[in-house]
Amino acid sequence: MIPDRDRGARGGPDIAAHYHRLAPDFTRHWSYSDAFVGWMTSRLLAHAAVGGDSRVLDVGCGTGLYSQRLADHTHQLLVCVDPSTAMLDRISDSPRLVPVNATAESVARGEAPLPYRKFDAVVVKEAQHHVSRDVRESTVRGLARLLAPDGRLIVVMMPTHCCGHQHFTDAELDAGITEIRRTNPGGTVTFPDRYTVLVAH
Ligand SMILES: C[S@@+](CC[C@H](N)C(=O)[O-])C[C@H]1O[C@@H](n2cnc3c(N)ncnc32)[C@H](O)[C@@H]1O
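Residue positions within a chain follow its written sequence, with the count starting from 1. Where totals are concerned, whole chains, interfaces and linings use all residues; where local detail is concerned, this predicted model gives features only for residues with pLDDT of at least 70, and gives and counts side-chain atom pairs only at 80 or more.

Focus on the overall build of the protein chain
Put simply, DSSP marks the helices as runs of H or I at least four residues long and the strands as runs of E at least two long, and each gets a number from the N terminus on. Of regular secondary structure, the protein chain possesses seven helices and six strands. In the protein chain, the order of α-helices and β-strands from amino to carboxyl end is α-α-β-α-β-α-β-α-β-α-β-α-β. Compactness check: the protein chain gives a C-alpha radius of gyration of 17 Å against a globular reference of 17 Å for 201 residues, within 12% of the reference. With respect to the principal axes defined by its C-alpha atoms, the protein chain has extents near 55 × 35 × 35 Å. Neighbour counting defines burial: a residue surrounded by 20 or more other C-beta atoms within 10 Å of its own C-beta is buried, one with 12 or fewer is exposed, and intermediate counts give partly exposed, using backbone-placed C-beta atoms. For the protein chain, the proportion of its 201 residues judged to be buried stands at 32%. When contacts within the protein chain are restricted to residue pairs at least 6 apart in sequence, long-range pairs at least 24 apart make up 63% of them. Each radius of gyration is computed over the set of C-alpha atoms, and the globule rule expresses the reference value as 2.2 Å times the number of residues to the power 0.38. Whether two residues are in contact depends on their C-beta atoms, placed from the backbone: they are in contact if these lie within 7 Å.

Shown next, in the form of structure tokens:
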């Protein structure tokens, strides 16, 4: 069952159901490896210039995989926004992580209660694609309005031209998994990946 609070205006029932289903295993699957998480964290810290007293807003934070690591580099609260309560419920129980159940759109419209009025960094990592196209520009503008002087808005996403959404049948997925197992007998799968990072000052 998807809680009612996860439905409707918060990205629609499909997305809510998708993340409700993924939440228990999300961090395990999404982490890939310690090396990857360490590398991605170092990129976020550098692009967002997080340090010391940075107030950071992580929009579409999911289970807080990166929020937690960013929080290790600032003394301020790390504000974690996500419309999925199933994802937010998995954020680690630290008094420095402040979960806020909201969408990027509602934050951009100033409707979500946030502990700070301005932020030194607003991070949107692999969540931007969930904001519908007709409000994407206004949402980015709204998030940018939350920036303090010298603040940075960081959008991390897969390159838009690379793949698009692909749909596979169960049989095709099984065949793919068999092929991956056959070509990676050691059990570890290594593959190159590519990210686009947009930094707005
Ligand atoms: C692929 S996950 C990325 C999670 C996290 N940023 C990370 O990289 O570990 C996408 C997240 O975006 C959230 N999401 C879905 N619709 C959203 C919206 N309209 N505004 C903000 N976040 C949204 C989902 O609930 C999910 O937690």
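Some words on the environment of Val37
Structurally, Val37 is set in helix α2 (residues 34–48). For Val37, a count of 16 C-beta atoms within 10 Å puts it in the partly exposed group. Among all residues touching Val37, those that are not within four sequence positions of it are Ser31 and Leu65.

Quick notes on the sheet that holds strand β6 (residues 196–200)
As a general point, the strands of a sheet are linked pairwise by backbone hydrogen bonds and lie either parallel or antiparallel. Two strands are said to pair when DSSP picks up at least two bridges between them. Taken together, the six strands give an open sheet; going across it, the order is β3-β2-β1-β4-β5-β6, and neighbouring strands pair in mixed fashion. The open sheet has two free edges, formed respectively by β3 (97–101) and β6, since each of these has just one partner strand. Between one strand and the next, the sheet's axes are offset by a mean angle of 15°, whatever the strand orientation. Where strand β1 (residues 56–59) and strand β4 (residues 119–125) come together, four bridges link them in parallel fashion. Across the sheet, the residue bridging to Asp58 is Val123, located in β4. Throughout, an axis means a line fitted to C-alpha atoms (over the contacting stretch in the case of helices), and angles, computed between N-to-C directions, take values from 0 to 180 degrees. Contacting β1, β4, β5 (147–157) and β6, α2 runs over the sheet at an angle of about 145° to β5.

Describing α2
Over its 15 residues, α2 extends 21 Å from the first C-alpha to the last, a length consistent with the 21 Å expected when each residue adds 1.5 Å. Here α2 has its buried residues at Leu44, Leu45 and Ala48. Here the buried residues of α2 occupy an arc of 95° about the axis, which is enough to place them on one side. Those residues of α2 that are exposed and angled more than 90 degrees off the buried face are Ala35, Phe36, Gly38, Trp39, Ser42 and Ala46. Contact partners of the buried residues in α2: β1, α3 (65–71), β4 and β5. Immediately downstream of α2, the backbone of Ala49 shows phi near 50°, a positive value. Each helix should span, by expectation, one fewer than its residue count multiplied by 1.5 Å. Think of it as the arc spanned by the lines of direction from the helix axis to the C-beta atoms.

Things to note about the pairing of β5
Two elements, β4 and β5, share six bridges in a ladder whose sense is parallel. By the bridge assignment for β5, Lys125 is matched with Val156.

Some details on the nonpolar core
We define a nonpolar core as a collection of buried residues of the types Ala, Val, Leu, Ile, Met, Phe, Trp, Tyr and Cys that are connected via C-beta atoms lying within 7 Å of each other. Core analysis: the largest hydrophobic core is formed by 42 residues, its most contacted members being Val56, Val59 and Val122. Looking at this core, the element that brings in the most residues is β4, giving five residues. When neighbours within four sequence positions are excluded, Val56 is seen to be in contact with Ala48, Val50, Leu70, Thr74, Leu78, Val79, Phe119, Asp120, Ala121 and Val123.

Points about unusual backbone geometry
Working note: non-glycine residues mostly have negative phi, and peptide bonds are mostly trans. In this structure, Tyr32 takes a positive phi of about 60° despite not being glycine. A positive phi angle, close to 70°, is found at Asp150, a residue other than glycine.

Topic: helix α6 (residues 133–144)
The first and last C-alpha atoms of α6 sit 17 Å apart over twelve residues, in line with the 16 Å expected at 1.5 Å per residue. All of the buried residues along α6 are Thr139, Val140 and Leu143. Buried residues in α6, looked at end-on, bunch into an arc of 100°, giving them a common side. Pointing more than 90 degrees away from the buried face of α6 are the exposed residues Asp134, Glu137 and Arg141.

As for the environment of Ser84
Locating Ser84 in the fold gives a position in the loop between β2 (78–82) and α4 (85–88). Here the alpha-carbon distance between Ser84 and Thr178, two residues 94 residues apart in the chain, equals 32 Å.

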